[in-house]
Amino acid sequence: MINFCELDLEQLGAWLKDNGEKEYHGRQIFEWVYQKGVTAWDQMSNLAKDLRVKLAATFRFPSIELVDVKESNDRETFKFLWKLIDGSLVESVLIYSSARRTVCVSSQVGCPAKCAFCASGKMGFLRNLRPHEIIEQVLLINQWLIAKGERVSHIVYMGMGEPFKNYDSVIRSIRMLCDPATLNISQRRVTVSTVGIIEGIKRLTVEDLSINLVLSLHAPNQHIRQKIIPYARKYPLDSLMEAMDEYSAKTKRDITYEYTLIAGINDHPDHAFELSHLLKGRQCTVNLIPYNPVAGLKLCRPEKKSIKQFRSVLFGSKIVNTCRYTKGDDIAAACGQLAMQQKNVETIAVNQ
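Predicted, not measured: the structure shown is a model, and the values here were computed from it. (Residues numbered from 1 in each chain as written. Predicted model: local features only at pLDDT ≥ 70, side-chain atom pairs only at ≥ 80, totals over all residues. Heavy atoms only, no water.)

Any chance you could break down the overall build of the protein chain for me, citing the residues and the numbers?
What the protein chain contains, in helices and strands, is eleven helices and 14 strands. Taking the principal axes of the C-alpha coordinates as reference, the protein chain spans close to 70 × 40 × 35 Å. Classification of the 352 residues of the protein chain by burial places 55% in the buried group. Only carbon and sulfur atoms are counted for the fraction: they give 49% of the accessible area of the protein chain, which is about 16,000 Å². (Helix = DSSP H or I, 4+ residues; strand = E, 2+ residues; numbered from the N terminus. Buried < 20%, exposed > 50% of the residue type's maximum accessible area, 1.4 Å probe, protein only. Areas by Shrake-Rupley, 256 points an atom, 1.4 Å probe, with all protein chains shown as cover.)

With reference to specific residues and values, describe the confidence of the model for the protein chain.
Per-residue pLDDT for the protein chain averages 92, and the proportion of residues at 70 or more is 92%. In this model, residues 340–352 is a region of pLDDT below 50 whose contacts with residues beyond four sequence positions or in other chains number 27 contacts. (pLDDT = per-residue confidence, 0-100. Contact = heavy atoms within 4.5 Å.)

Explain the nonpolar core to me, and be specific about the residues and the numbers.
Ranked by internal contacts, the top residues of the largest apolar core, which has 106 residues, are Phe4, Ile29, Tyr34 and Tyr157. In terms of residue count, helix α5 (residues 131–146) provides more of this core than any other element does, eight residues in total. Sequence-distant contacts of isoleucine 29, that is, excluding residues within four places in its chain, are made with Phe4, Leu12, Leu16, Trp41, Met44, Leu47 and Leu55. (Core = buried A, V, L, I, M, F, W, Y, C linked by side-chain atoms within 4.5 Å.)

Quick rundown of the packing of aromatic side chains? Include the residues and the values.
Considering all chains together, one arrives at 15 aromatic pairs under this definition. When the ring of phenylalanine 4 is compared with that of phenylalanine 61, the centres are 5.6 Å apart and the planes differ by 50 degrees; the resulting orientation is tilted. Here the residue phenylalanine 4 occupies a position in the loop between β1 (2–3) and α1 (9–18), and phenylalanine 61 occupies one in the loop between β2 (59–60) and β3 (65–71), the gap between them amounting to 57 residues. Just as phenylalanine 4 is buried, phenylalanine 61 falls in that class too. Geometrically, the ring pair formed by tyrosine 231 and tyrosine 235 is tilted, given 6.2 Å between the ring centres and 55 degrees between the ring planes. Taking the relative accessible area as the measure of exposure, tyrosine 231 reaches 16% and is therefore buried. Against the face of tryptophan 32 rests lysine 36, its NZ or CZ located 4.0 Å from the ring centre. Directly above the aromatic system of tryptophan 144 lies the positively charged group of lysine 148, at a separation of 4.4 Å from the ring centroid. (Phe/Tyr/Trp six-rings, centres within 6.5 Å; stacked < 30°, edge-to-face > 60°. Lys NZ or Arg CZ within 6 Å of the ring centre and 35° of its normal.)

Quick one: what's the story with helix α11 (residues 304–316), residue by residue and with numbers?
Working note: α-helix, 3.6 residues per turn, so residues spaced by three or four point in the same direction. Along its 13 residues, α11 runs 18 Å from first to last C-alpha, staying within 8% of the 18 Å computed at 1.5 Å per residue. When α11 is considered as a whole, its buried residues turn out to be Ile307, Phe310, Val313 and Leu314. Taken end-on, α11 shows its buried residues confined to a sector of 125 degrees, consistent with a single buried face. Along α11, exposed side chains directed more than 90 degrees from the buried face belong to Lys304, Lys305, Lys308 and Gly316. Buried-residue contacts for α11 involve β12 (255–261), α10 (269–279), β13 (284–290) and β14 (321–323). (Expected span 1.5 Å × (residues − 1). Arc of directions from axis to C-beta.)

Outline the side chain of glutamate 21, listing residues and values.
Considering the arrangement of structural elements, one finds glutamate 21 in the loop between α1 and α2 (25–35). Residue classification places glutamate 21 among the buried positions, given a relative accessible area of 18%. Within the structure, the side chain of glutamate 21 is placed 2.9 Å from the side chain of lysine 54, a separation counted as a polar contact. Ignoring sequence-local partners within four residues, the contact set of glutamate 21 consists of Leu16, Leu51 and Lys54. (Polar contact = N/O pair within 3.5 Å; in protein donor to acceptor, adjacent residues only side chain to side chain.)

Help me get a handle on the sheet that holds strand β11 (residues 212–216), residues and values and all.
Strands belonging to one sheet form pairs held by backbone hydrogen bonds; the direction of such a pair is parallel or antiparallel. Strand order in the open sheet made by the ten strands is β3-β4-β5-β6-β9-β10-β11-β12-β13-β14, with mixed pairing throughout. The outermost strands of the open sheet, each flanked by one partner alone, are β3 and β14. Within the sheet, the average angular offset between the axes of one strand and its neighbour, ignoring direction, is 20 degrees. Bridge count for β13 against β14 is three bridges, and the pairing is parallel. (Pairing = 2+ DSSP bridges. Axes fitted to C-alpha atoms, helices over the stretch in contact; angles between N-to-C directions.)

Which residues make up the pairing of strand β4 (residues 77–83), and what values do they have?
Sheet faces and side chains relate simply in a regular strand, where the side chains alternate between the two faces. Among the seven residues in β4, six count as buried, and that is most of the element. Summarising the sheet, β3 and β4 pair through six bridges and their orientation is antiparallel. Its bridge partner being in β4, valine 69 is matched across the sheet by phenylalanine 80. Turn length for the β3-β4 hairpin, with the two strands adjacent in sequence and antiparallel, is five residues, and the turn residue arginine 75 shows positive phi of about 60 degrees. In this sheet, strand β5 (residues 89–97) lies alongside β4 in antiparallel orientation, the contact comprising seven bridges.

Pulling in residues and values, what's your account of the pattern of salt bridges?
Between side chains of opposite charge, a pair can form as their charged atoms come close. Inspection of the entire model under this criterion finds 13 salt bridges. For the salt bridge of glutamate 6 with arginine 130, the shortest nitrogen-to-oxygen distance reads 2.6 Å. In this pair, glutamate 6 is assigned in the loop between β1 and α1 and arginine 130 in the loop between β8 (125–128) and α5, connecting sequence segments 124 residues apart. Residue classification places glutamate 6 among the buried residues on the basis of a relative accessible area of 17%. (Salt bridge = Lys/Arg side-chain N within 4 Å of Asp/Glu carboxyl O.)

Rendered as C-alpha cells:
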C-alpha cells in the first residue's frame, strides 16, 4: 500500500487522474485530512463511495497508532507514545506555552549519537523514520488538539534521533508540513536541532528553507565535548563552528546554541568564560538547559547558584542567553529524557 502522507497535492492529483477520478478531489481529501483531522476514508462525505473504496484499498493512513498519552502535573506537557507498523515505538511531545502549541517530533527509532546525558542514546539506534511517520506525529497531535478547539503552531525536531542522520526524510517532512495545502506551518516556526553533523549543516545551508537551526553544543571546548558527545570525535569543534558560521552568513538566520549544564563537568564559571570566548562576535543565543535526570546515569543537575553564576559570566560578556524552564520531567518528557522500552502495548483511540 502507499503511505498517504508521503504524497503532496500534485502527486495525489496525478494518482486520481490515473485512476479515472477528477484531480480536484485531491484538495477535498487534503482538507479532510489536514484541516478537519479526519483519518477514516468513509467519513469523507463529499466524496463518492467508489472513490472512498479506492482510497481505502490503496492508501495506508494513518500508519502509526497512538498507544498512550501522559500528562504532566502542570498540564502543560503531553507525551505521546506511538506504535509503528513494524512494532517499533517512538515518542513525541506536545508543549503548551502561552498561545503556542509546540510539537517535538522524533526522526529516528532510538538515536545513534549516544550523548552521555541523553536517554534516547541509551536505547541504541534501530532505524530511520520515513517522512510519513514524522508527518503523522504532528498530524495526529493536531487532530487531538482540534478536538479541543486548538491547533499545532510550532514544530521542533528535538525528539528521539539525530535529524541530520535522516536528512532526506526530515527535509521532506518539513516541506510537507509547511505546505499551504496541508498544515501550512510557517517555516519560521520550525526548528531543527543537530548534535553537529557537518555535512547536514552544509546541505541545509543551500536548501531554500527559512527554518531555525539549533546546535547541541553542550561544551566550551573540544576536550569536554568529545567526552560527552561521541560524534564530536568525527566533527571537531573548529570545523563545526565554521559550518555554523557559513549557515548563518548564507541564511541571515540567528543561531541558537543549546548547552546542557551538568554539575562538575561543564558548569564552572571558567567554562562560561571559555564559552563566551568561543561565541564572541557571533549573532546567536545560548539556551542553557539544566540537566534532566535519566535513570541509570550518574550525572547531576547543577545547583541554582551555579546556574546563576554561569549566566552572569555570559551576560557580562554580552552573550545573549536563556535558561530553559523544565517542563514534563515528571513524565520523562523533558529534554534528553525520551526513550521507549515498552513492548506488546495496547493501542487507544487517538481522539480520546
